[in-house]
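Residues per chain are reported as follows:
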Amino acid sequence: MAYSDKVLEHYENPRNVGSFDKDETGVATGMVGAPACGDVMKLQIKVNDKGIIEDARFKTYGCGSAIASSSLVTEWVKGKTLDEAMTIRNTQIAEELALPPVKIHCSILAEDAIKAAIEDYRIKNESLPQVSAE
Amino acid sequence: MGMIYCDYNATTPVDESVFELMRPFFCDHYGNASSRHQLGRIAKVAIEEARNKVANAIGVQPEQIIFTSGGTESNNLALKGFAGLIPVSRLVVSPIEHASVRVPAHELAWLGWELKQPRVNSDGVVDLEDMAQLLTGKCGLVSVMLANNETGVIQPVADVVKLAQKSGVLVHTDAVQAFGKMRVDFDLLGVDALSIAGHKIYGPKGVGALVIRKGVDLMPVLTGASHERGLRAGTENVAGIVGLGEACRLVIERMNIVETHLKECSGRLETGIEALGGVIFGRKASRVPNTSYFAFENIDGPVLAARLDDLGFCVATGSACSSGKTEPSPVLDAMGVPLHLARGAIRVSLGMHSTIADIEQFLSALNQCVSSLHRSAACA
Amino acid sequence: MEQNTVNLPIYLDYSATTPVDPRVASKMVPYLTEYFGNPASRSHVYGWTAEKAVENARNEVAMLVRCDPREIIWTSGATESNNLAIKGAAHFYKSKGRHLVTEKTEHKAVLDTMRELEREGFEVTYLDVEENGLVSVDAFRSALRPDTILASVMLVNNEIGVIQPIYELGEICCQQGVLLHVDAAQATGKVEIDLQSLQVDLMSFSAHKTYGPKGIGALYVRRKPRVRLEGQMHGGGHERGLRSGTLATHQIVGMGEAFRLAREEMGVENERVRYLRDRLLAGLVQIEETYINGDLIKRVPHNLNVSFNFVEGESLIMAIKDLAVSSGSACTSASLEPSYVLRALGRNDELAHSSIRFSIGRFTTEAEIDFTIDLIRKKIGRLREMSPLWEMFKEGIDLNQVQWSAH
């Protein structure tokens, strides 16, 4: 399997590996994939009171492309609002990392992880008063 | 060994430049081409480079090449591989084919194929009119060699293809003896499959290839893991394949030597043989310029070969594969050569290392042997 | 020979293929360029020299496995030997019966050939193996039927190195009048093979797993009682009609020399290899959540197959690119399918995927083993730091109870 330089770079120097305390205020977690499928991604976002993702962490069980995809999206979501983050598409991830066709599912998983984290944030904060004017 | 080797159709030495390319693949780049690590990838790349060289030499795309263990396997794969995927029908195989085509053909006859052989004329050329009668709608597959291993006679393969195409018959040609001795272009021939072997073209023994037309399908003969796109299982013989690739490259580079030097040597040889009263088989036919197959009346072939061996010349008495047997060549039988003459058959096949001086020495030795054998025959 | 520094990558994939031993290569070379005759040429010294070399090599192969040289047939490798043995015997004896027995962890060359025979109308029983990778002798016995003509069981498994109970299986086959074929491609030079005492009818060999060249192998075909085969490669009638094709003299000479060296050196070599393997084992079992695949006792000393839990297989391979190892058999590792051998042992997909086969050989050094242990520890640690599964495991979560999102 030939990996692109960008995949290799993220694999060797993954950004934002780690975990937040999931009960901390503003932290939301998205976990997607399954061990039997060979990929599990956990993406955590920390959203500030202005509704902006100020930090992100990931842990990934998966191939180099899965690790690179999740590393990349932690960079991309930072500084974005939830709505902006929702617009990140797997095709952009695949293009940025030059993923071959057999690895497109890694980028889909990364997009799903963002959505799952945001979903988690919204569920957690439903009971709370809306901070940002939507 | 201090001998003059005149049996290049049996096998050739590995060319030094071929050997130099093969050498690192024994002890250094020894990876299994299926391995995903660096050593595996080095082997894989070397195989694909070799595939390109083979493809270039025959005028095809690399994906048309299937590497095998040699000419025999290539021929088996072509016949059984095609036959395995088309309805049982008629199979046409010329009577002068190498055993590695004739015997698989007989195996297929066991499985219900109607095996037919076209006539061959007295010069050893397959009769096209007879061929036309056989290649009708009932026929599924035909195999005709490009050049005969014993006589060197070139067969009208392109004409056979024209006849075959009318009824959609698949055509295989065994080019093991032709390749390296004449120009071989897959598309000009128009065949569906073509066999070559490394050790006839200054490459190593134990490696060969079957070249197939795009879009045709084969049933594999060797089953197992999915090497060679599932058409031939077995760990690739990396050094052998690298050697075959380089030998194919040399074939093209050295074609002018064949067409000038070997032609000159053969011309001198045959003039000399005829001056001594020898009969050259296939004399009037178009032949590859290295093969002279001849006999002297009342002189036994094996006896003459043994005398020549004593004097330092390596020749063959028939095709190498069957020379352990005493029955005369089926090729000469098909040509209608009388038995007493066929028993005298000697094959001299020249190669890259042959010189005009060798030919002169050979003719003088031949003269000596023939006169003494004639004398002893007269005394008996 | 022991060095303190190591050259990267470290080759620990001797079960995929071995380098040609330089002593073997030096024997081969003259037969490429100098003594290049066709062994079938009967009329001159080039032919005779080649033929003599071929027969010498046949003796060497026969001596390693204690059989008569006339029982050795040259082929292009173990794949061809397996094809010839299985198809050849099935076709010859098909009037006696149409049932065959094999087991699920055989090499593809056996399994695929069995599938081919199923398409031709034969019936094949694929035996399960035990959790340790071994065939149960009782299960084998009960699988044999009156119409069983041939059983095929490998001597040493290519992925997990376990040694099958061939001696016992041979006795059963002999009692039941069933032919036994044994794929010994991974066994030569690693375990003693004595065909005088084994009740084996057909045995496949490969040169390139035992420091010989690729593209050459052999098949043992028993003479007393005589085993008959239908040839699969037809032509000039070489190898007593069982396998046609010009004999590749240099390859055969290489195989002969490689097997001679194996016979002379395997005793000492295997002890050295066992020491290295045990050192590697001791180093790796200190890592948490590692699982050794296959029986550790009934196993060649060259092999160690380990699964690392909570680490994904492909990222693991990427992490250890300084090691030339296999994740699964070399012949199937191009695909992302989990190893069917490990699946047959009952390993789940994750553990099958995260398995590494370390295979040690003649040129492996202690420094290389130590480097390997150190590298694996570091890399497994790093990947687990990145693994959400490891984190959950450490938190005490039972991963089997987790509802994973459909994907």
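Note that the structure is a prediction, hence the values are computed from the model and not measured.

Thresholds applied
- Residues numbered from 1 in each chain as written.
- Chains lettered and ligands numbered in written order.
- Predicted model: local features only at pLDDT ≥ 70, side-chain atom pairs only at ≥ 80, totals over all residues.
- Heavy atoms only, no water.
- Helix = DSSP H or I, 4+ residues; strand = E, 2+ residues; numbered from the N terminus.
- Pairing = 2+ DSSP bridges.
- Axes fitted to C-alpha atoms, helices over the stretch in contact; angles between N-to-C directions.
- Contact = heavy atoms within 4.5 Å.
- Core = buried A, V, L, I, M, F, W, Y, C linked by side-chain atoms within 4.5 Å.
- Buried < 20%, exposed > 50% of the residue type's maximum accessible area, 1.4 Å probe, protein only.
- Domains from an automatic or database assignment.
- Disulfide = S-S within 2.5 Å.
- Buried area = accessible area lost by both parts, 1.4 Å probe.
- Salt bridge = Lys/Arg side-chain N within 4 Å of Asp/Glu carboxyl O.
- Polar contact = N/O pair within 3.5 Å; in protein donor to acceptor, adjacent residues only side chain to side chain.
- Parallel < 35°, antiparallel > 145°, perpendicular 65-115°, else oblique.
- Left-handed = near helix turned anticlockwise from the far one by under 90°.
- Nonpolar A, V, L, I, M, F, W, Y, C, P; charged D, E, K, R; others polar.
- Expected span 1.5 Å × (residues − 1).
- Right-handed = clockwise from strand over helix to strand, strands pointing away.
- Phe/Tyr/Trp six-rings, centres within 6.5 Å; stacked < 30°, edge-to-face > 60°.
- pLDDT = per-residue confidence, 0-100.

Comments concerning unusual backbone geometry
Apart from glycine, the bulk of residues carry a negative phi angle, and the bulk of peptide bonds sit in the trans form.
Residues and elements named next belong to chain C.
And then number 1: A cis amide bond links L8 to the next residue, P9, at an omega of -5°.
And then number 2: Within the secondary structure layout, P9 lies in the segment before β1 (10-11).
And then number 3: The omega angle of the peptide bond from K224 to P225 is -10°, so this bond is cis rather than trans.
And then number 4: As for its position among the elements, P225 is in the loop between β8 (217-221) and α8 (249-284).
And then number 5: Phi is positive for F310, which is not a glycine, with a value near 65°.

Some details on the sheet that holds strand β5 (residues 139-143) of chain B
Residues and elements named next belong to chain B.
And then number 1: Ordered by their spatial adjacency, seven strands build an open sheet running β2-β8-β7-β6-β5-β3-β4, and the pairing between neighbours is mixed. Every other strand in the sheet has two partners, leaving β2 (65-68) and β4 (114-116) as the edge strands with one partner each. Here the strands of the sheet are splayed against their neighbours by 20° on average, with no regard to which way each runs.
And then number 2: For strand β7 (residues 193-197) and strand β8 (residues 208-212), the ladder comprises five bridges, and the chain directions are antiparallel. What sits directly across from A193, in β8, is I212.
And then number 3: Lying on the sheet, helix α5 (residues 99-110) is in contact with β3 (90-93), β4, β5 and β6 (170-174); it crosses β3 at an angle near 160°.

A look at the nonpolar core
Grouped burial of nonpolar side chains is what soluble globular proteins tend to show.
And then number 1: Core analysis: the biggest nonpolar cluster contains 161 residues, and F140, I193 and F205 of chain C have the highest contact counts within it.
And then number 2: When residues of this core are assigned to their parent elements, the largest contribution, nine residues, is made by helix α9 (residues 238-253) of chain B.
And then number 3: Mapping this core onto the domain boundaries places at least three of its residues in each of domain 1 (4-11 + 255-379) and domain 2 (16-250) of chain B.
And then number 4: Filtering out sequence-adjacent residues up to four positions away, F140 of chain C remains in contact with V101, L127, V135, A151, V153, L169, I172 and C173 of chain C.
And then number 5: Counting 65 residues, the second-largest nonpolar core is a separate cluster that includes C63 and I118 of chain A together with V273 and I369 of chain C.

Topic: the state of the cysteines
And then number 1: The tally for this structure, following the rule as stated, stands at zero disulfides over all chains.
And then number 2: C63 of chain A carries a free sulfur, and the closest cysteine sulfur to it, the one in C106 of chain A, is 3.7 Å from it.

Thoughts on the domain arrangement of chain B
All names here are of chain B.
And then number 1: Taken as a whole, chain B is organised into domain 1 (4-11 + 255-379) and domain 2 (16-250).
And then number 2: With 29 residues of domain 1 at the contact, the number on the domain 2 side is 27 residues.
And then number 3: When the two sides are added together, the surface that domain 1 and domain 2 hide from each other amounts to roughly 2400 Å², 55% of it contributed by carbon and sulfur.
And then number 4: On inspection of domain 1 and its partner domain 2, the count reaches two salt bridges.
And then number 5: Between R183 and E259 there is a salt bridge, with its nearest N and O atoms 2.9 Å apart.
And then number 6: Taken together, the links from domain 1 to domain 2 amount to 16 residue pairs in polar contact (both at pLDDT 80 or more).

Digging into the sheet that holds strand β10 (residues 303-308) of chain C
Residue and element names in this part refer to chain C.
And then number 1: Strand order in the open sheet formed by three strands is β9-β10-β12, with antiparallel pairing between adjacent strands. The open sheet is flanked by β9 (290-292) and β12 (355-359), the only strands paired with a single partner. Across the sheet, the mean angle from the axis of one strand to that of its neighbour is 25°, orientation sign disregarded.
And then number 2: Alignment of β10 against β12, held across five bridges, turns out to be antiparallel. When the sheet's bridge partners are listed, N303 is paired in β12 with S359.
And then number 3: Strands in contact with α8 are β9, β10 and β12; relative to β10, the strand with the most contacts, it is inclined by about 10°.

Concerning the packing of helix α3 (residues 45-65) of chain C against α8 of chain C
Residue and element names in this part refer to chain C.
And then number 1: Taken N-terminus to C-terminus, the directions of α3 and α8 make an angle of 30°; their axes are 8 Å apart at the nearest point. As the angle between them shows, α3 and α8 are arranged roughly parallel. Note on packing geometry: the crossing formed by α3 with α8 is left-handed. Note on element contacts: α8 touches α3 through T249, I252, V253, M255, G256, F259, R260, A262, R263 and M266, opposite A50, A53, V54, A57, E60, V61, M63 and L64.
And then number 2: Partitioned by chemical class, the residues of the contact of α3 with α8 number 13 nonpolar, two polar and three charged.

Considering helix α5 (residues 108-119) of chain C
Residues and elements named next belong to chain C.
And then number 1: Under the 1.5 Å per step criterion, the end-to-end length of α5 is 16 Å for twelve residues, consistent within 8% with the ideal 16 Å.
And then number 2: Buried residues along α5 sit in contact with α4 (78-92), β3 (99-103), β4 (123-127), β5 (148-152), β6 (179-183) and α10 (340-344).
And then number 3: Directly after α5, the chain includes G121, whose backbone phi takes a positive value near 110°.

Examining the interface of chain C and chain B
And then number 1: Each partner contributes residues to the interface: chain C has 65 residues there, and chain B has 62 residues.
And then number 2: Summing both partners gives a buried area of about 5100 Å² for chain C against chain B, and 62% of it is carried by carbon and sulfur.
And then number 3: Looking only at chain C, the three residues that lose the most surface to chain B are F36, K214 and H234 of chain C, adding up to 13% of its buried area.
And then number 4: On the surface where chain C and chain B come into contact, there are zero salt bridges.
And then number 5: The interface formed by chain C and chain B holds 19 residue pairs in polar contact (both at pLDDT 80 or more) in total.
And then number 6: Counting residues per element, the ones that place at least two in the side of chain C that touches chain B are α1 (22-28), α2 (30-33), α3, α4, α5 and α8 of chain C.
And then number 7: Class assignment for the residues of the side of chain C that touches chain B results in 25 nonpolar, 28 polar and twelve charged.

Looking at the environment of E395 of chain C
And then number 1: Among the structural elements, E395 of chain C can be located in the segment after α13 (388-394).
And then number 2: C-alpha of E395 of chain C to C-alpha of I376 of chain C: the two residues are 19 residues apart in sequence and 24 Å apart in space.

Brief notes about the pairing of β6 of chain B
Residues and elements named next belong to chain B.
And then number 1: Burial within β6 is extensive, with five of its five residues counted as buried.
And then number 2: Judged by which residues are buried, β6 turns out to be covered on both faces: L170, H172 and D174 on one side and V171 and T173 on the other are all buried.
And then number 3: Pairing analysis gives three bridges linking β5 to β6, with the strands arranged parallel. Opposite L141, over in β6, you have L170 as the bridge partner.
And then number 4: Read from β5 through helix α7 (residues 157-166) to β6, the crossover connection turns out right-handed.
And then number 5: Bridge analysis of β6 against β7 gives three bridges, and the strand direction is parallel. Each bridged residue has a counterpart across the sheet, and for D174 the counterpart in β7 is S195.

Some details on the pattern of salt bridges
All names here are of chain C.
And then number 1: Here the structure, examined in full by the defined rule, presents 61 salt bridges over all chains.
And then number 2: In this structure, the salt-bridge partner of K104 is D128, at a minimum N-O distance of 2.6 Å. Residue K104 is located in the loop between β3 and α5, and its partner D128 is located in the loop between β4 and α6 (137-143); the two are separated by 24 residues in the primary sequence.
And then number 3: What you see here is one network of salt bridges that share partners, running through D21, R23, E265, E269 and R362.

What about the packing of aromatic side chains?
And then number 1: Evaluated as defined, the whole model comprises 18 aromatic pairs over all chains.
And then number 2: Judged by centre distance (6.0 Å) and plane angle (85°), the ring pair of F294 of chain B and F296 of chain B falls under edge-to-face. For the pair F294 of chain B and F296 of chain B, a shared accessibility class is recorded, and that class is buried.
And then number 3: For the pair F92 of chain C and Y93 of chain C, a centre-to-centre distance of 5.1 Å together with 70° between the ring planes defines the contact as edge-to-face.
And then number 4: A relative accessible area of 33% means that F92 of chain C is categorised as partly exposed.

Overview of the confidence of the model for chain C
Residues and elements named next belong to chain C.
And then number 1: In this model, chain C carries a mean pLDDT of 94, and residues with pLDDT of at least 70 account for 96%.
And then number 2: The low-confidence segment residues 329-335, where pLDDT is below 50, has 18 contacts with residues more than four positions distant or belonging to other chains.
And then number 3: For this predicted complex, the interface confidence reaches an ipTM of 0.93, while the overall pTM sits at 0.93.

Overview of the interface of chain C and chain A
And then number 1: Of the residues lining the interface, 23 residues belong to chain C; the matching set on chain A comes to 30 residues.
And then number 2: Buried surface at the junction of chain C and chain A, both sides included, amounts to about 2300 Å², of which 62% is carbon and sulfur.
And then number 3: Counting across the interface, chain C meets chain A through four salt bridges.
And then number 4: With a closest N to O distance of 3.4 Å, E12 of chain A and K321 of chain C form a salt bridge.
And then number 5: The interface formed by chain C and chain A contains 14 residue pairs in polar contact (both at pLDDT 80 or more).
And then number 6: When residues of the side of chain C that touches chain A are traced back to their parent elements, those giving at least two are α9 (313-319), α11 (349-353), α12 (366-386) and α13 of chain C.

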